[in-house]
Amino acid sequence: MMQLPACVVHNLQDEYFSSERLFCFLIDENYALVQIWGDAQRWGLDDIPIGHDMRDAAVFLVGCVIGEPQALRFVRLSRHSVAHVHLIPDGRQSYVVLIDASDEHDPTQAKQQKTNELRLMHARQNRLIGRQRELISELIEIRSELDHHRQEAERSSANKSRFIAMMSHEFRTPLASIINYAQLAQEQDASRNDIQKSVETIERSARHLTSLVEALLDDASLSAGRLELVEEQFDCHNLFEDLARMMAPMAAEKGLSFATFVDSDVPKVIFADEVRFRQILINLLGNAVKFTQEGGVRLKVTYSSDRLVVTVSDTGPGISSEDQEKVFKAFERGSKRSETGAGLGLTITLRLVQLMGGEVSLDSQPDEGCTVSIYIPVNVQADPVAAEAPVLPVPDQDALASRPLSILICDDDDDMIALVEHYLHRSGYGLIATSDSSDAIAKTIKYDPDLVLMDCNVPGIGGVGAAKLLRQQGYEKPIVALTASRLNEEERRAFTRFFRKPAPMQELLVEIKRLTH
Amino acid sequence: MTLFTSKVCIVGDFAVGKTSIAERFVNNHFSESYLTTIGVKIDTKLIEVPDLGVSHKLVIWDIAGSDRFEHTEFAYLRGASGYIYVIDGTRTSTLRSAMSLEEQVTDRFGSAPSVVLLNKSDLAGDWDVNESSVKALHAHFGAVFKTSAKTGDAVERAFEKLARRILDNDMRAE
């Protein structure tokens, strides 16, 4: 180390001591004060007796090891005093030197403050940028979703506009026939042949209108999730035979073959919604016959893994893979398909199959026909006898002979009452008519008719309520619903039988006769 | 009552709220303005531990914020009986700093009683530290407090917990 003359050292020492306001004290190995040099008052260490434990007054000594050199920079000892603290060992004692650092502290703090504030700002900025990026990606995602929804909405709107235009045409055509042929039949010079032909055309047009309305209502109910299945036991072999009897003549009219194959493993009696099952198969078979011009249509039924597998194949024009996606969507048709019909048949079929817990598959190529298969889980009933119609008690023939059978009809449509009255009178029944359900209850109790024929949407408590009340009041004879309303399973249980308007009068009469004899 | 004196160091990254925590604990005061600490600020507070018959004097060293200790800071830590690691809950980077500082302390001085303060719990809307990180802190330190120097929430409990850990540690050592 450089050796300076003693007078230079003393001079510099004096200047340093006065400028840095040095303070020093000596402590022994027990932190006891031995001696003090400098301005003790400035550091709040005045009036401390020799021998006092300095850790009380100079708390920075707590934890310090006597005998080891230490340097602690910028130690804030009070609100206004900051010092660099040095512990300088000397044998078993230590000198504690405090160098005033107040003047040095403030600029250092100002500089560090600025640095830290900049770092904080940078951190906040980074965070905001990150959040901004997240928001931008969310916006892109939302925009993409909105675009998708907008396209869907535009597509749906276009489909509905096309559908309304098409429906207008579909409804107007049969309505025009009905109006024109009804006028023709009323003309004074109309021959019996003209009238017969007009009535046939009116009936055909009305049936077509009914099927259109049914399809629209089914689609609306399925879309809204309101359609409930009504499951019951039935003989599915009979159903397939019925369908073959219905479809074979339609196929023959177009010069097509029609073949049915029902595997012997297919259970006879199953537990399912017969009406909807029949509707699905009529849709599939009807489409196959409708769109096939040459060759034939084949219905094949097998049973595997508790599921009925029904396959309808045709030799029609086939469906391209692009159109296959469309044909199951509401109001859409394949590009090669005819323009008649609501375009709802396959949509309804798919939704009904799904409602039954089943699946639909479509296998087709253009010009190579089409095969649609449905897989429907069914509950098999072991006892086919249970599927038979309930056995009604045999009425007392003598008692029946003693008075004409009477039927109470409740309907708020006078034309309907007149029509039913016409058929029932012709069959020898007496008729009690009312348009109000509460009145129907009163008249049923008063006249005890042999059967009640009840509309559901009628004034008073309604047909379902009236039927339930009649049962509660002990009326045990058949109550038959004849209504345009859809009934759920629980509502249907209020009635002995259920007919949906427009029901064929002949079928209704046969059932009424069966129930009253 | 026996007087027991311990040196406690509050460490953590800059602007996590170390000085505010100390100020809240010692003087029950809080200031919204941010003032960087240079070096170290030393305060004391006496805690009574009646069940042990001890008056526990905590000498609290509020050390300037840093994400890594250098020679100067190690001199401040010498002779500490316990540590408070402070994390700013709205800045995940300060959690990494605390973990790194704890590793340095353990490497240099061995393990010592400690607690973790997830500070600024009053800024819940800006919270950045996720629950899985909090679970990891719990697993590592055993004592994690969601504190707010602003409201005072959980500050005293955290110091009391550390004081108790220091006493337990010293009693075990005896």
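No experiment lies behind these values; they were computed from the predicted model shown.

1. Some remarks on the sheet that holds strand E7 (residues 257–262) of chain A
All names here are of chain A.
For step 1, the next point in the chain: Ordered by their spatial adjacency, 5 strands build an open sheet running E7-E9-E10-E12-E11, and the pairing between neighbours is mixed. Both edges of this open sheet fall to E7 and strand E11 (359–364), since each of them pairs with a single strand only. Mean inter-strand twist for the sheet, computed between neighbouring axes without regard to direction, equals 10°.
For step 2, the next point in the chain: The sheet contact formed by strand E10 (residues 307–314) and strand E12 (residues 370–377) spans 8 bridges and is antiparallel. Residue pairing across strands places aspartate 314 opposite cysteine 370, the latter belonging to E12.
For step 3, the next point in the chain: Packing of helix H4 (residues 236–253) onto the sheet brings it into contact with E7 and strand E9 (296–304), and relative to E7 it is tilted by some 170°.

2. Concerning the interface of chain A and chain B
For step 1, the next point in the chain: At the interface, 23 residues of chain A touch 28 residues of chain B.
For step 2, the next point in the chain: When chain A packs against chain B, close to 2,200 Å² is buried across both sides, 60% of that on carbon and sulfur atoms.
For step 3, the next point in the chain: Summed over the three residues of chain A that lose the most area to chain B, namely Val62(A), Leu120(A) and Arg127(A), the buried surface amounts to 23% of that side.
For step 4, the next point in the chain: Between chain A and chain B we count 1 salt bridge in total.
For step 5, the next point in the chain: On the surface where chain A and chain B come into contact, there are 10 residue pairs in polar contact (both at pLDDT 80 or more).

3. Quick word on the pairing of strand E16 (residues 451–454) of chain A
Residues in a regular strand project their side chains so that they alternate between the two faces of the sheet.
Residue and element names in this part refer to chain A.
For step 1, the next point in the chain: Here E16 shows no split at all, with Leu451 and Leu453 on one side and Val452 and Met454 on the other all buried.
For step 2, the next point in the chain: Sheet topology note: the strand E14 (residues 406–410)/E16 ladder contains 4 bridges and is parallel. Pairing of isoleucine 409 across the sheet is with leucine 453, part of E16.
For step 3, the next point in the chain: With 3 bridges connecting them, E16 and strand E17 (residues 479–483) associate as parallel partners. Across the sheet, the residue bridging to leucine 453 is valine 480, located in E17.

4. Some details on the packing of helix H5 (residues 274–291) of chain A against helix H7 (residues 345–355) of chain A
All names here are of chain A.
For step 1, the next point in the chain: With their axes 10 Å apart at the nearest point, H5 and H7 run at an angle of 145° to one another. Judged by the twist between their axes, the crossing of H5 over H7 is left-handed. Contact with H5, carried on its side by Arg276, Gln279, Ile280, Asn283, Leu284 and Asn287, involves Gly345, Leu346, Ile348, Thr349, Leu352 and Val353 of H7 and no other residues of that element.
For step 2, the next point in the chain: Here the contact of H5 with H7 is composed, by residue class, of 6 nonpolar, 5 polar and 1 charged.

5. With respect to the domain arrangement of chain A
Interfaces are frequently sized by the accessible area removed from exposure as the parts join.
For step 1, the next point in the chain: Per the domain assignment, the segments making up chain A are domain 1 (13–100), domain 2 (106–223), domain 3 (232–385) and domain 4 (392–516).
For step 2, the next point in the chain: Just the C-alpha atoms count here: the centres of domain 1 of chain A and domain 2 of chain A sit 86 Å apart.

6. Observations regarding unusual backbone geometry
For step 1, the next point in the chain: Its identity is not glycine, yet Tyr31(A) carries a phi of approximately 70°, on the positive side.
For step 2, the next point in the chain: Of note, Tyr31(A) is situated in the loop between strand E1 (23–27) and strand E2 (33–38).
For step 3, the next point in the chain: The class of Tyr31(A) is buried, set by a relative accessible area of 12%.
For step 4, the next point in the chain: In this structure, Ala154(B) is a non-glycine residue whose phi angle is positive, near 70°.
For step 5, the next point in the chain: By the secondary structure assignment, Ala154(B) is in the loop between strand E6 (144–146) and helix H5 (155–173).

7. Examining the pattern of salt bridges
Residues and elements named next belong to chain A.
For step 1, the next point in the chain: Going through the model one piece at a time under the given rule, you end up with 29 salt bridges over all chains.
For step 2, the next point in the chain: When the shortest N-O distance is used, the salt bridge between arginine 150 and aspartate 147 registers 3.5 Å. Here the residue arginine 150 and the residue aspartate 147 both occupy positions in helix H2 (residues 102–186), the gap between them amounting to 3 residues, near one helical turn.
For step 3, the next point in the chain: Between arginine 307 and glutamate 359 there is a salt bridge, with the nearest N and O atoms lying 3.8 Å from each other. Residue arginine 307 is located in strand E10, and its partner glutamate 359 is located in strand E11; the two are separated by 52 residues in the primary sequence.

8. With respect to a nonpolar patch on the surface
Residue and element names in this part refer to chain A.
For step 1, the next point in the chain: Taken together, the side chains of Met2, Leu4, Val8, Val9 and Leu12 make up a nonpolar region of the molecular surface, amounting to roughly 430 Å² of accessible area.
For step 2, the next point in the chain: If you trace the backbone, valine 8 turns up in helix H1 (residues 6–20).
For step 3, the next point in the chain: In this structure valine 8 comes out as partly exposed when scored by relative accessible area, which is 30%.

9. Section: the packing of aromatic side chains
For step 1, the next point in the chain: Tallied over the full model, the rule gives 9 aromatic pairs over all chains.
For step 2, the next point in the chain: Judged by centre distance (5.9 Å) and plane angle (50°), the rings of Phe23(A) and Phe25(A) are tilted.
For step 3, the next point in the chain: Judged by centre distance (6.2 Å) and plane angle (25°), the rings of Tyr83(B) and Tyr85(B) are stacked. For the pair formed by Tyr83(B) and Tyr85(B), the shared burial category is buried.
For step 4, the next point in the chain: Members of the aromatic cluster, joined through ring pairs, are Phe234(A), Phe240(A) and Phe277(A).
For step 5, the next point in the chain: A cation over a ring is seen here: Lys45(B) above Phe25(B), with NZ or CZ 4.7 Å from the ring centre.
For step 6, the next point in the chain: Just above the ring of Phe74(B) sits the side chain of Arg108(B); from NZ or CZ to the centre is 4.1 Å.

10. Things to note about the side chain of Thr201(A)
Residue and element names in this part refer to chain A.
For step 1, the next point in the chain: Locating threonine 201 in the fold gives a position in helix H3 (residues 192–223).
For step 2, the next point in the chain: Classification of threonine 201 as buried rests on a relative accessible area of 9%.
For step 3, the next point in the chain: Polar contacts involving the side chain of threonine 201 include one to the main-chain carbonyl oxygen of lysine 197, which spans 2.8 Å.
For step 4, the next point in the chain: Residues contacting threonine 201, with those up to four places away along its chain left out, are Ser177 and Tyr181.

Reading the values: rules and limits
- Residues numbered from 1 in each chain as written.
- Chains lettered and ligands numbered in written order.
- Predicted model: local features only at pLDDT ≥ 70, side-chain atom pairs only at ≥ 80, totals over all residues.
- Heavy atoms only, no water.
- Pairing = 2+ DSSP bridges.
- Helix = DSSP H or I, 4+ residues; strand = E, 2+ residues; numbered from the N terminus.
- Axes fitted to C-alpha atoms, helices over the stretch in contact; angles between N-to-C directions.
- Contact = heavy atoms within 4.5 Å.
- Buried area = accessible area lost by both parts, 1.4 Å probe.
- Salt bridge = Lys/Arg side-chain N within 4 Å of Asp/Glu carboxyl O.
- Polar contact = N/O pair within 3.5 Å; in protein donor to acceptor, adjacent residues only side chain to side chain.
- Buried < 20%, exposed > 50% of the residue type's maximum accessible area, 1.4 Å probe, protein only.
- Left-handed = near helix turned anticlockwise from the far one by under 90°.
- Nonpolar A, V, L, I, M, F, W, Y, C, P; charged D, E, K, R; others polar.
- Domains from an automatic or database assignment.
- Patch = residues over 30% accessible without salt bridge, like charges linked within 9 Å, V, L, I, M, F, W, Y side chains within 5 Å.
- Areas by Shrake-Rupley, 256 points an atom, 1.4 Å probe, with all protein chains shown as cover.
- Phe/Tyr/Trp six-rings, centres within 6.5 Å; stacked < 30°, edge-to-face > 60°.
- Lys NZ or Arg CZ within 6 Å of the ring centre and 35° of its normal.

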